[in-house]
Amino acid sequence: EVNLVESGGTLVQSGGSLRLSCEASGFTFDDYVGSWLRQTPGKELEWVAAISWNGENTFYGTSMKGRVAISRDNARNMLYLQMNDLKTEDTAMYYCATRLGVALVSDVALREQYKYWGQGTPVTVSS
């Protein structure tokens, strides 16, 4: 019943732009902080961005800060990630996820701090 479905991932050239989308269903979407995370096989899960329930506050991780913008449309239960100036090291599986509150804690695994997860959408950046 609960679903988060990402889309928009594709092959893109370095320096290019891409917009990822996430469609939520089966829960009250605007009760939750929306987030994007990414993971490359063999590497740790990395938090990319988050947005408050009403879209008034956004937060970004260091790796992509200045190159991405997170947004949401609560009327459509949608979460977005606009990515610009993509680099080869941005190649990863990108996930949308939701949680209550914006504050992550350091003593709990990142994956355990989200209530709902999507299946991911792959982004490959070529040089």
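These numbers were taken from a predicted model, which means no experiment stands behind them.

A. Focus on the overall build of the protein. Check the secondary structure of the protein and you find zero helices and 11 strands. Going from N to C terminus, the protein has its helices and strands arranged as β-β-β-β-β-β-β-β-β-β-β. At 14 Å, the protein has a C-alpha radius of gyration in line with the 14 Å of a compact globule built from 127 residues. Seen through its C-alpha atoms, the protein measures out along the principal axes to roughly 40 × 35 × 30 Å. For the protein, restricting intrachain contacts to residue pairs at least 6 apart in sequence, the fraction spanning at least 24 positions comes to 58%. Carbon together with sulfur atoms contributes 46% to the accessible area of the protein, which is approximately 6,700 Å² in total. Distance between charge centres in the protein, computed from 11 positive and 14 negative side chains, equals 4 Å.

B. Layout of the state of the cysteines. Scanning the model with the defined rule gives one disulfide in all. Two residues, Cys22 and Cys96, share a disulfide whose sulfurs are 2.0 Å apart. Because the torsion about its S-S bond is 55°, the bridge between Cys22 and Cys96 counts as right-handed. Here Cys22, found in strand β3 (residues 18-25), pairs with Cys96, found in strand β9 (residues 92-99); they are 74 residues apart in sequence, far enough to count as distant. We classify Cys22 as buried; its relative accessible area is 0%. Residue Cys96 is classed as buried on the basis of its relative accessible area, which comes to 0%.

Rules used in this analysis
Residues numbered from 1 in each chain as written. Predicted model: local features only at pLDDT ≥ 70, side-chain atom pairs only at ≥ 80, totals over all residues. Heavy atoms only, no water. Helix = DSSP H or I, 4+ residues; strand = E, 2+ residues; numbered from the N terminus. Rg over C-alpha atoms; globule rule 2.2 N^0.38 Å. Contact = heavy atoms within 4.5 Å. Areas by Shrake-Rupley, 256 points an atom, 1.4 Å probe, with all protein chains shown as cover. Lys, Arg positive; Asp, Glu negative; His and termini not counted. Charge placed at Lys NZ, Arg CZ, Asp CG, Glu CD. Disulfide = S-S within 2.5 Å. Buried < 20%, exposed > 50% of the residue type's maximum accessible area, 1.4 Å probe, protein only.

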